[in-house]
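If you want the building blocks of each chain, they are given just below.
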Amino acid sequence: MEEAIAAVRTFNRFYTRRVGALNQRFLGTELSLPEARLLFEIARGDKPLAVEIQRALGMDGGYLSRVLARFEARGWIVRGSGGEDARRRPISLTPEGRSVSDLIDQRQRDEVREMLAPLSATQRLDLTAALGEARTLLDPAPARDFSLRAWRTGDMGLLAARQSILYRDEYGWGRGLELNIAETVAGFLAGYKEGRDQAWIAEVAGAMAGSVLLTDEGDGLCRLRLFYVEPMARGRGIGDALVRTCLAFARETGYRAMTLWTHAVLTSARRIYAGHGFEIVATAMHEDFGKPELGETWRLELG
């Protein structure tokens, strides 16, 4: 915990200095960073109320009122009708206010572009994923903001590492599980059949948030493999979307049935499988992962 606290504080000090957050004149304007952020919220909103802006920014009500009064005096904003309570009156930008907002937005985009220019395309992807993961870890409130994509080079190693760590931490599964995942990934890559095998990666804010693989088992049978969702991304419907996408591909490809191997302790995954019509066809105890576990084989006739 102490190391994590120190790391967050170090990054905060670096980034506030890097973006000029402590400057009285943000990006060479007459505004501070909080004032510029307030103007941005008004610009991107649909005539927001002061109470809505306060809630979104966590800003002190008195400070918010004073800044809005200054914006109004400068002719940057106008307030609509809403009774005597100024907090309930919709706020919109005037053409002058829009001009100031656009100027700040362009300067900020230019500054960030300059900051990212030395990075390669791969480094920019890494940065995007790291920032997305950090934001999701610190603000994990479920939302529907996720995307699915087909796998690409490098994904297999990442998902193998993430699943090995996840199952170690959550279920105490050790080297046997990591070996199982590594062999599955290696087999998928070595025997990949274009148009018959496939894999999908879920992302939240650019960070890997889950995966599922489909492999051809022969004779019209396919197998669902390496299905998981990151703890930070749960509650968004990602697991159901991954399985649904896998099933749609299997049906379009012409598979007659899908099978999978899972474990009784993986209750969330089992609930998704059952919801899509899979049924348990065999069970067996094993200790391949370092402790006794009940393994289950599930199957779905695709029709």
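If you're wondering where the values come from, they're calculated on a predicted model, not measured in any experiment.

All right, on to a nonpolar patch on the surface then. Together, F11, F14, Y15, L127 and L131 give the surface a local cluster of nonpolar side chains, amounting to about 450 Å² of exposed area. Secondary structure elements with two or more residues in the nonpolar patch: helix 1 (2–18) and helix 6 (121–138). No other element matches helix 1, which puts three residues into the nonpolar patch. Tracing the chain through its elements places Y15 in helix 1. Relative accessible area serves as the criterion here: at 36%, Y15 is assigned to the partly exposed category.

Under the counting rule described, the total for this entry stands at 16 aromatic pairs. Look at F11 and F14: their rings are 5.8 Å apart centre to centre, the planes differ by 55°, and that puts the pair in the tilted class. Of this pair, F11 and F14 both sit in helix 1, separated by three residues, roughly a single helical turn. Its relative accessible area of 45% is what places F11 among the partly exposed residues. Here W151 and F188 contribute two aromatic rings whose centre-to-centre distance is 5.2 Å and whose plane-to-plane angle is 75°, an arrangement assigned as edge-to-face. One end of the pair, W151, is in the loop between strand 3 (147–150) and helix 7 (155–171); the other, F188, is in helix 8 (residues 175–190), and 37 residues separate them in sequence. In this structure, R196 packs its charged tip against the face of Y255, placed 4.2 Å from the ring centre.

The next thing to look at is unusual backbone geometry. One non-glycine residue with positive phi stands out, namely K47, at about 50°. By the secondary structure assignment, K47 is in the loop between helix 2 (33–44) and helix 3 (50–57). Positive phi outside glycine occurs at D219, with the angle close to 55°.

Right, let's talk about helix 1 for a bit. In this model, helix 1 (17 residues) spans 24 Å end to end at C-alpha, consistent with the 24 Å of a helix rising 1.5 Å per residue. Phi turns positive one or two residues past the end of helix 1, at G20, with a value near 70°.

Glancing now at the layout of surface pockets. Taken as a whole, the largest pocket spans an internal volume of roughly 1,700 Å³. Every residue lining the largest pocket is counted, 41 residues in all, and those nearest its centre are F11, Y15, V19, L131 and R135. At the level of secondary structure, the elements contributing two or more residues to the lining of the largest pocket comprise helix 1, helix 2, helix 5 (95–116) and helix 6. No other element matches the ten residues that helix 6 contributes to the lining of the largest pocket. Looking at the lining of the largest pocket residue by residue, the classes come out as 28 nonpolar, six polar and seven charged. Considering only enclosed or pocket space, the second largest pocket measures out at about 750 Å³ in volume. In terms of lining, the second largest pocket is formed by 35 residues, of which the most central are Y167, F227, L266, A269 and Y273.

What follows deals with the pattern of salt bridges. Taken as a whole and assessed by the stated rule, the structure comprises 21 salt bridges. A salt bridge links E35 to R70; the nearest nitrogen and oxygen atoms lie 2.7 Å apart. With E35 in helix 2 and R70 in helix 4 (residues 61–73), the pair connects residues that are 35 residues apart, well separated along the chain. Judged by relative accessible area, which is 34%, R70 ranks as partly exposed. As a salt-bridge pair, E203 and R152 come within 3.8 Å of each other at their nearest N and O atoms.

Moving on: the nonpolar core. Counting residues in each nonpolar core, the largest one holds 48 residues, and the members touching the most others are L214, L224, F227, M258 and Y273. If one sorts the elements of this core by residue count, helix 9 (residues 238–253) sits on top with seven residues. Apart from the residues within four sequence positions on either side, F227 is in contact with Y167, S211, V212, G239, L242, V243, A269, I272 and Y273. Core analysis: the second largest hydrophobic core is formed by 20 residues, F26, M59, L64 and I91 among them.

Here seven strands make up an open sheet; going across it, the order is 3-4-5-6-7-9-8 and the pairing mixed. Bordering the open sheet on either side are strand 3 and strand 8 (279–286), each of which pairs with just one other strand. Shown here is a sheet whose adjacent strand axes are inclined to one another by a mean of 20°, direction ignored. Strand direction decides the pairing type here: strand 3 and strand 4 (residues 198–204), joined by four bridges, are antiparallel. Across the sheet, R149 pairs through a bridge with I201, a residue of strand 4. Against the sheet, helix 7 contacts strand 3, strand 4, strand 5 (207–218) and strand 6 (221–229), and its axis sits at roughly 65° relative to strand 6.

About the thresholds
Residues numbered from 1 in each chain as written. Predicted model: local features only at pLDDT ≥ 70, side-chain atom pairs only at ≥ 80, totals over all residues. Heavy atoms only, no water. Patch = residues over 30% accessible without salt bridge, like charges linked within 9 Å, V, L, I, M, F, W, Y side chains within 5 Å. Areas by Shrake-Rupley, 256 points an atom, 1.4 Å probe, with all protein chains shown as cover. Salt bridge = Lys/Arg side-chain N within 4 Å of Asp/Glu carboxyl O. Helix = DSSP H or I, 4+ residues; strand = E, 2+ residues; numbered from the N terminus. Buried < 20%, exposed > 50% of the residue type's maximum accessible area, 1.4 Å probe, protein only. Phe/Tyr/Trp six-rings, centres within 6.5 Å; stacked < 30°, edge-to-face > 60°. Lys NZ or Arg CZ within 6 Å of the ring centre and 35° of its normal. Expected span 1.5 Å × (residues − 1). 1 Å grid on protein atoms, 1.4 Å probe; cavity = no way out; pocket = protein on both sides within 12 Å on 5 of 7 lines; lining within 4 Å. Points joined across faces, edges and corners; volume = space filled by probe spheres on them. Nonpolar A, V, L, I, M, F, W, Y, C, P; charged D, E, K, R; others polar. Core = buried A, V, L, I, M, F, W, Y, C linked by side-chain atoms within 4.5 Å. Contact = heavy atoms within 4.5 Å. Pairing = 2+ DSSP bridges. Axes fitted to C-alpha atoms, helices over the stretch in contact; angles between N-to-C directions.

Such coordinate-based values are descriptive only and should not be taken to indicate function.
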